[in-house]
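Spelled out from the first residue to the last, the chains are:
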Amino acid sequence: MIKNGNHASTEEGSGAGCSKPAASTCSPEKRKRTVRLWCDGCYDMVHYGHSNQLRQAKGMGDYLIVGVHTDAEISKHKGPPVFTQEERYKMVRAIKWVDEIVEGAPYVTTLETLDKYNCDFCVHGDDITLTVDGKDTYEEVKLAGRYRECRRTQGVSTTDLVGRMLLMTKAHHSNIDNPDYQQHTDNFGKGPKGHSPWTGVSQFLQTSQKIIQFASGKEPQPGDTIIYVAGAFDLFHIGHVDFLEMVYKQAERPYVIVGLHFDQEVNRYKGKNYPIMNIHERTLSVLACRYVSEVVIGAPYAVGKDLLDHFRVDLVCHGKTEVFPDKDGADPYAEPKKRGLFKMVDSGNNLTTDDIVQRIIENRLQFEARNQKKEAKEMAVIEAMKKREEQAQDEAAAQLAH
């Protein structure tokens, strides 16, 4: 863990309006005041790591504002984004812990920005964010004591996901020790002078606690319309968000349940190296969406009588994407169709996971250059930090000698 300024990283924030461990140590006036928080970033290829950072940030206060950078700013400092700024704005708005977004937020976080949006402090993960010149983008707010840190989610990064797509092997989400994968990630996200802990790849390990933290925990109430949708929801993206938002609008009081198919099932009907994200990763990605109430992990491919009765489903929706037949060639939606519960929903967005993979492959060389450049900057910062620590130790030893 790296400490920035005086603020060590923390998995969960302290009570609203209180930077001390126990809320009881704050005055009643402080507890009543709304604590406004600022997060910012590229949020390119939004994944559960981003969502987890925003979840942790929201736990440190009451109202979360998220600044999202423009395509031009990202291209200048990091390289080309995968998604357009309009797509990225919409993705961040769909994360359930976000109260407001600021479009075109500046890349360097300043006190002026925090004051403009009346934010008490900003929150960022415990990785390094650098400008094109290699400077810490949070230096000003750290020095002012208006910076808090949360823990980066291990096992996922945009770099890693892009790497999985470029590699195109069935082993990518089950065997990270595969020599081909290791060689690929070395080439993709590693500069000549070592390996950065932030850009590097590590395996995601699911826990029941993490699912609980992401889940709404709300049961359907009398009068709710229970809507069921099913699919892979791989690389959870703006096409999925637009579809789920449209599904959510099908009722006045919707309770949306998403059935996620196991990896083997997705691979059966999608082929190639799909899914790119494993079932555990896809679960968190979907749970983070504000239009989703519940997730069925490893849902049966056929939406049958047992599932419909168990969840008391009122409506089953499917988008405009192709419906693949079940193993026996049957229509997986035969039962809801027979009951008159089935509805095709057109979100107006035709983006698919295949389209995203194509975007990555078309820009492969740019992405590889981007990640090697990012890695080199991070390694330079790590070396500088080590030198400062060694210098401080030498000075302390010299003082003791006298």
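Attention here is on the structure that accompanies the text.

Criteria and cut-off values
- Residues numbered from 1 in each chain as written.
- Predicted model: local features only at pLDDT ≥ 70, side-chain atom pairs only at ≥ 80, totals over all residues.
- Heavy atoms only, no water.
- Helix = DSSP H or I, 4+ residues; strand = E, 2+ residues; numbered from the N terminus.
- Buried < 20%, exposed > 50% of the residue type's maximum accessible area, 1.4 Å probe, protein only.
- Contact = heavy atoms within 4.5 Å.
- Pairing = 2+ DSSP bridges.
- Axes fitted to C-alpha atoms, helices over the stretch in contact; angles between N-to-C directions.
- Core = buried A, V, L, I, M, F, W, Y, C linked by side-chain atoms within 4.5 Å.
- Polar contact = N/O pair within 3.5 Å; in protein donor to acceptor, adjacent residues only side chain to side chain.
- Patch = residues over 30% accessible without salt bridge, like charges linked within 9 Å, V, L, I, M, F, W, Y side chains within 5 Å.
- Areas by Shrake-Rupley, 256 points an atom, 1.4 Å probe, with all protein chains shown as cover.
- Salt bridge = Lys/Arg side-chain N within 4 Å of Asp/Glu carboxyl O.
- Lys, Arg positive; Asp, Glu negative; His and termini not counted.
- Charge placed at Lys NZ, Arg CZ, Asp CG, Glu CD.
- 1 Å grid on protein atoms, 1.4 Å probe; cavity = no way out; pocket = protein on both sides within 12 Å on 5 of 7 lines; lining within 4 Å.
- Points joined across faces, edges and corners; volume = space filled by probe spheres on them.
- Nonpolar A, V, L, I, M, F, W, Y, C, P; charged D, E, K, R; others polar.
- Parallel < 35°, antiparallel > 145°, perpendicular 65-115°, else oblique.
- Left-handed = near helix turned anticlockwise from the far one by under 90°.

1. Let's talk about the overall build of the protein chain
- Assigned secondary structure in the protein chain consists of 16 helices and 10 strands.
- Classification of the 402 residues of the protein chain by burial places 51% in the buried group.
- Within the protein chain, contacts between residues separated by at least 24 positions form 78% of all contacts whose residues are at least 6 apart in sequence.

2. Some points on the sheet that holds strand S10 (residues 342-344)
- Overall, parallel pairing links the five strands, which are arranged S8-S7-S6-S9-S10 in an open sheet. Looking at which strands have only one partner, the edges of the open sheet turn out to be strand S8 (294-297) and S10. Mean inter-strand twist for the sheet, computed between neighbouring axes without regard to direction, equals 25°.
- Pairing of strand S9 (residues 315-318) with S10, which is carried by three bridges, proceeds in the parallel orientation. Across the sheet, the residue bridging to Cys317 is Lys343, located in S10.
- Packing of helix H10 (residues 238-248) onto the sheet brings it into contact with strand S6 (225-231), strand S7 (254-260) and S9, and relative to S7 it is tilted by some 140°.

3. A closer look at the nonpolar core
- Counting residues in hydrophobic clusters, the biggest one holds 69 residues, and the most contacted among them are Met45, Val66, Met165, Phe233, Leu244 and Val258.
- For this core, the element with the most residues is H10, which contributes five residues.
- When near neighbours in sequence (up to four residues on either side) are disregarded, Val258 contacts Val229, Phe233, Leu244, Val286, Val292, Glu294, Val295 and Val296.
- Within the second largest apolar cluster, 13 residues are counted, among which are Tyr255, Val303, Leu308 and Tyr333.

4. A look at the sheet that holds strand S5 (residues 147-150)
- Reading across the sheet, the five strands line up as S3-S2-S1-S4-S5 and stay open at both edges, with parallel pairing between neighbours. Edge positions in the sheet fall to strand S3 (100-103) and S5, since each has one partner strand and no second. The average undirected angle you get between the axes of adjacent strands in this sheet is 30°.

5. Here we look at helix H2 (residues 48-58)
- Among the 11 residues of H2, 11 are classified as buried, and the element is accordingly described as predominantly covered.
- Buried within H2 we find Tyr48, Gly49, His50, Ser51, Asn52, Gln53, Leu54, Arg55, Gln56, Ala57 and Lys58.

6. Comments concerning the pairing of S5
- Side chains Tyr147 and Glu149 project from S5 onto one buried face, and the interleaved Arg148 and Cys150 project onto a second face that is buried too.
- Note: strand S4 (residues 121-125) against S5, four bridges, orientation parallel. Each residue of the ladder has a partner; that of His124, found in S5, is Glu149.

7. Overview of the side chain of Asp224
- By the secondary structure assignment, Asp224 is in the loop between helix H9 (208-214) and S6.
- Given the relative accessible area of 18%, Asp224 is considered buried.
- Only 2.8 Å separates the side chain of Asp224 from the backbone nitrogen of Gln221, close enough to count as a polar contact.
- Among the polar contacts listed, one links the side chain of Asp224 to the side chain of Arg253, at a separation of 2.9 Å.
- Apart from residues lying up to four places away in sequence, Asp224 is in contact with Arg253, Tyr255 and Asp314.

8. A few points about a negative patch on the surface
- Taken together, the side chains of Glu383, Glu389, Glu390, Asp394 and Glu395 present a region of like negative charge at the surface.
- Structurally, Asp394 is set in helix H16 (residues 364-401).

9. A short note on the layout of surface pockets
- Taken as a whole, the largest pocket holds about 710 Å³ of empty space.
- Ala232, His240, His318, Thr321 and Glu322 are, among the 33 residues lining the largest pocket, the residues nearest its centre.
- Looking at the lining of the largest pocket, the elements that each hand over two or more residues are S6, H10, helix H11 (263-270), S9 and helix H15 (353-362).
- Residues belonging to the lining of the largest pocket are distributed by class as follows: 14 nonpolar, 13 polar and six charged.

10. So, unusual backbone geometry
- Put simply, Tyr274 and Pro275 share a cis peptide bond, and its omega is 0°.
- Assignment of secondary structure puts Pro275 in the loop between H11 and helix H12 (279-287).
- A positive phi angle is found at Met45, which is not glycine, with a value near 50°.
- Positionally, Met45 belongs in the loop between strand S1 (36-41) and H2.

11. Observations regarding the pattern of salt bridges
- Scanning the model with the defined rule gives 20 salt bridges in all.
- Between Glu87 and Arg359 there is a salt bridge, and its shortest N-O distance comes to 3.0 Å. Here Arg359 lies in helix H15 and Glu87 lies in helix H4 (residues 85-93), a separation of 272 residues in the sequence.
- A relative accessible area of 16% places Glu87 in the buried class.
- Relative accessible area serves as the criterion here: at 23%, Arg359 is assigned to the partly exposed category.
- Asp309 is paired through a salt bridge with Lys305; the nearest N and O atoms lie 3.1 Å apart.

12. Things to note about the side chain of Arg164
- Residue placement: Arg164 occurs in helix H7 (residues 158-167).
- Within the local environment of Arg164, its side chain forms a polar contact with the backbone oxygen of Ile276, the two atoms lying 2.9 Å apart.

13. Considering the packing of H4 against H10
- Remark: H4 packs on H10, axes separated minimally by 10 Å, with the N-to-C direction vectors making an angle of 50°. When the interaxial angle is binned, H4 and H10 end up oblique. Considering only the axes of H4 and H10, their crossing is left-handed. Residues Glu87, Lys90 and Met91 of H4 form the contact with H10, whose participating residues are Ile238, Val241, Asp242 and Glu245.
- Class assignment for the residues of the contact of H4 with H10 results in three nonpolar, no polar and four charged.

Worth remembering: the numbers are spatial, not functional.
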